[in-house]
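Structural characterization, general
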Amino acid sequence: MESSLPSTQILDFGETAEGENEAKSYKEMISTFPRVRGWSYYEGFWYNSMFLEGLMSAQDNFIPQSTDIFITSCPKTGTTWLKSLTFAICTRTRLSGSSTSSLLTKMPHDCVPLLEYDLAQNPIKRDCAVPLVSTHVPYSSLPKSIVSSCCKMIYICRDAKDAFVSLWYFVAELERSRNMEPLSLEEAFELFCNGISSYGPYWDHVLGYWRASLEFPEKILFLTYEEMKEDTTAHVKKLAEFMGCSFTLEEEEEGEVQKIISMCSFEKLSNLEVNKNGKHRADTSFASKNSVFFRKGEIGDWANNLTPEMGARLDDIMEQKLKGSGLKLPR
Ligand code: PAP
């Protein structure tokens with residue numbers, strides 16, 4: 001998740017009167033939606049109002065480039081890592097000699113724009129040479145212009161327990177930095193198990209992309225954080241192939257795949273000056289430290305935070321919800 005935002009935050013839809021009216025009408029519509037804590041319910045999912053306005057605007061206005069590739073995920077499932085890998089893969093041929101990757105000086109979220117925030121409206125300011133757009137929007141609510149296009153999508157998901165724990169730490173950290181009282185782990189867990197979390201229900205988010213990936217396997221690549229961790233080399237090659245920029249034999253012999261893996265590793269990225277001390281959306285009222293996007297980067301940290309009973313409860317929920325789908329998430 002890009003950030004937890006005050007629900008009253010006003011999205012800047014541009015300076016035109018038309019843009020202002022549009023923002024106002026989305027706000028009016030959102031104010032009529034069911035609401036729990038900071039989340040509003042729309043088309044079967046829970047959203048922070050800020051991103052919901054962006055989504056509604058994107059549904060009305062966004063037109064993808066035919067070459068766009070969408071990096072899709074529910075919050076805290078490996079987005080930052082996937083953004084950095086795909087960015088490094090598709091920009092590698094641009095870099096020659098003394099050039100260095102932007103990933104060394106910009107945090108991955110600042111290298112790949114977020115549909116429901118950065119690109120909520122067209123025309124937009126973006127580096128059109130980088131064909132990457134990210135989104136946490138569930139498959140069923142993606143703008144029709146994306147779904148009906150030939151654009152490819154890469155989806156990443158993760159064990160629900162680890163995703164929940166990662167989300168809880170992230171939101172708690174952001175809320176503390178805004179002098180807000182964070183939800184307790186137990187309260188947040190109860191809500192999560194009832195499907196109430198940013199872009200949740202988590203299982204419906206996963207299932208939407210899973211089913212779409214079965215229907216359109218050439219368009220949607222479905223990955224898990226755990227399998228990426230287990231064999232990163234094979235997955236980086238798979239990503240490049242899927243994105244239409246496979247590594248050449250020469251590149252492989254020169255260690256290009258390993259260079260990308262090492263540049264995008266948790267250790268490398270989390271120790272860069274920009275990610276240790278930089279700020280994300282620094283000039284906005286909802287700025288966050290880049291470091292909040294890099295916590296542990298491990299599989300199974302849930303066990304240090306949830307009781308075995310809580311873990312078993314969420315596993316059972318996931319099993320029931322995914323039953324019959326053919327998908328088995330790591331646990
Ligand atoms: P986002 O939805 O806010 O973009 P996202 O990147 O999907 O967050 O998830 C953050 C998780 O990815 C964190 O997991 P943790 O809380 O369990 O530690 C974060 O540490 C982890 N992460 C960030 N960068 C990397 C990376 N380069 N390699 C592996 N894991 C990473």
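First things first, this report covers the structure right here in the doc. Bear in mind that the values here come from a model prediction, so they are computed numbers and not experimental data.

So, on to the packing of helix H10 (residues 232–242) against helix H12 (residues 256–263). The N-to-C vectors of H10 and H12 enclose an angle of 105°; their axes lie 10 Å apart at closest approach. The pairing of H10 with H12 is recorded here as roughly perpendicular in orientation. The residues of H12 that touch H10, namely those facing Thr-232, Thr-233, Val-236 and Lys-237, are Val-257, Gln-258 and Ile-261. Considering only residue class, the contact of H10 with H12 consists of three nonpolar, three polar and one charged.

Turning next to unusual backbone geometry. The residue after Gly-200, namely Pro-201, is reached through a cis peptide bond having omega 5°. Note that Pro-201 resides in the loop between helix H7 (185–193) and helix H8 (202–215). The backbone of Lys-76 shows a phi angle near 70°, a positive value even though the residue is not glycine. If you trace the backbone, Lys-76 turns up in the loop between strand S4 (69–73) and helix H3 (79–91). Even without a glycine there, the phi angle at Tyr-199 is positive, about 65°.

The tally for this structure, following the rule as stated, stands at 17 aromatic pairs. With centroids separated by 5.2 Å and ring planes inclined at 70°, the aromatic side chains of Trp-168 and Tyr-169 adopt a geometry described as edge-to-face. An aromatic cluster is defined as three or more aromatic residues linked by ring pairs; in this entry it consists of Phe-33, Tyr-42, Tyr-47, Phe-51 and Tyr-199. Its end group placed over the ring of Phe-247, Arg-92 keeps NZ or CZ at 4.2 Å from the ring centre. The ring of Tyr-225 has Arg-158 lying over it, and the distance from NZ or CZ to the ring centre is 4.3 Å.

What follows is about the sheet that holds S4. Spatially, four strands are ordered S5-S4-S6-S7 in an open sheet, and the strand pairing comes out parallel. With partners counted over all chains shown, the strands left at the sheet margins are strand S5 (132–135) and strand S7 (220–224), one partner each. On average, each strand axis in the sheet is inclined to that of its neighbour by 20°, with strand direction left out of account. When S4 meets strand S6 (residues 152–157), the two strands line up parallel, connected through five bridges. Considered in S6, the bridge of Ile-71 is made with Ile-154. Contacting S4, S5, S6 and S7, H8 crosses the sheet at an angle of about 135° to S7.

Once that is clear, we can look at the pattern of salt bridges. Enumeration according to the criterion identifies 14 salt bridges in this entry. Between Glu-252 and Lys-237 there is a salt bridge; the shortest N-O distance is 3.3 Å. Residue Glu-252 is found in helix H11 (residues 249–253), and its partner Lys-237 is found in helix H10; the two are separated by 15 residues along the sequence. On the basis of relative accessibility, which here comes to 33%, the residue Glu-252 falls in the partly exposed class. The residue Asp-301 makes a salt bridge to Lys-296 at a minimum N-O spacing of 2.8 Å. The exposure class of Lys-296 is partly exposed, given its relative accessible area of 36%. Several salt bridges converge on common partners, so that one network encompasses Asp-159, Lys-161, Asp-315, Glu-319 and Arg-331.

A few words on the state of the cysteines. Tallying each qualifying case throughout the model produces zero disulfides. Between Cys-111, a free cysteine, and Cys-264, which holds the nearest cysteine sulfur, the sulfur-to-sulfur gap is 9.6 Å.

Mapped onto the elements of the fold, Asp-315 is located in helix H15 (residues 308–322). According to the relative accessible area criterion, Asp-315 is buried, its value standing at 14%.

Along the polypeptide, Arg-178 turns up in the loop between helix H6 (160–177) and H7. No salt bridge forms around the buried Arg-178; measuring N to O, its nearest opposite-charge neighbour Glu-175 is 6.8 Å away. In this structure the side chain of Arg-178 is engaged in a polar contact, spanning 3.5 Å, whose partner is the backbone oxygen of Ala-287.

Okay, the environment of Ile-30 next. Along the chain, Ile-30 turns up in helix H1 (residues 17–30). Judged by its relative accessible area of 5%, Ile-30 is buried. If we ignore the near neighbours within four places in the chain, the residues touching Ile-30 are Ser-40, Ser-49, Leu-52, Glu-53 and Met-56.

In spatial order, the strands read S1-S2-S3; together these three strands make up an open sheet with antiparallel pairing. The sheet terminates laterally at strand S1 (35–36) and strand S3 (45–48), the two strands that pair on one side only. In this structure, strand S2 (residues 39–42) lies alongside S3, joined through four bridges in antiparallel fashion. Bridging from a neighbouring strand, Trp-39 pairs with Asn-48 of S3.

Here is what the cut-offs are and how they apply
Residues numbered from 1 in each chain as written. Predicted model: local features only at pLDDT ≥ 70, side-chain atom pairs only at ≥ 80, totals over all residues. Heavy atoms only, no water. Axes fitted to C-alpha atoms, helices over the stretch in contact; angles between N-to-C directions. Helix = DSSP H or I, 4+ residues; strand = E, 2+ residues; numbered from the N terminus. Parallel < 35°, antiparallel > 145°, perpendicular 65-115°, else oblique. Contact = heavy atoms within 4.5 Å. Nonpolar A, V, L, I, M, F, W, Y, C, P; charged D, E, K, R; others polar. Phe/Tyr/Trp six-rings, centres within 6.5 Å; stacked < 30°, edge-to-face > 60°. Lys NZ or Arg CZ within 6 Å of the ring centre and 35° of its normal. Pairing = 2+ DSSP bridges. Salt bridge = Lys/Arg side-chain N within 4 Å of Asp/Glu carboxyl O. Buried < 20%, exposed > 50% of the residue type's maximum accessible area, 1.4 Å probe, protein only. Disulfide = S-S within 2.5 Å. Lys, Arg positive; Asp, Glu negative; His and termini not counted. Polar contact = N/O pair within 3.5 Å; in protein donor to acceptor, adjacent residues only side chain to side chain.

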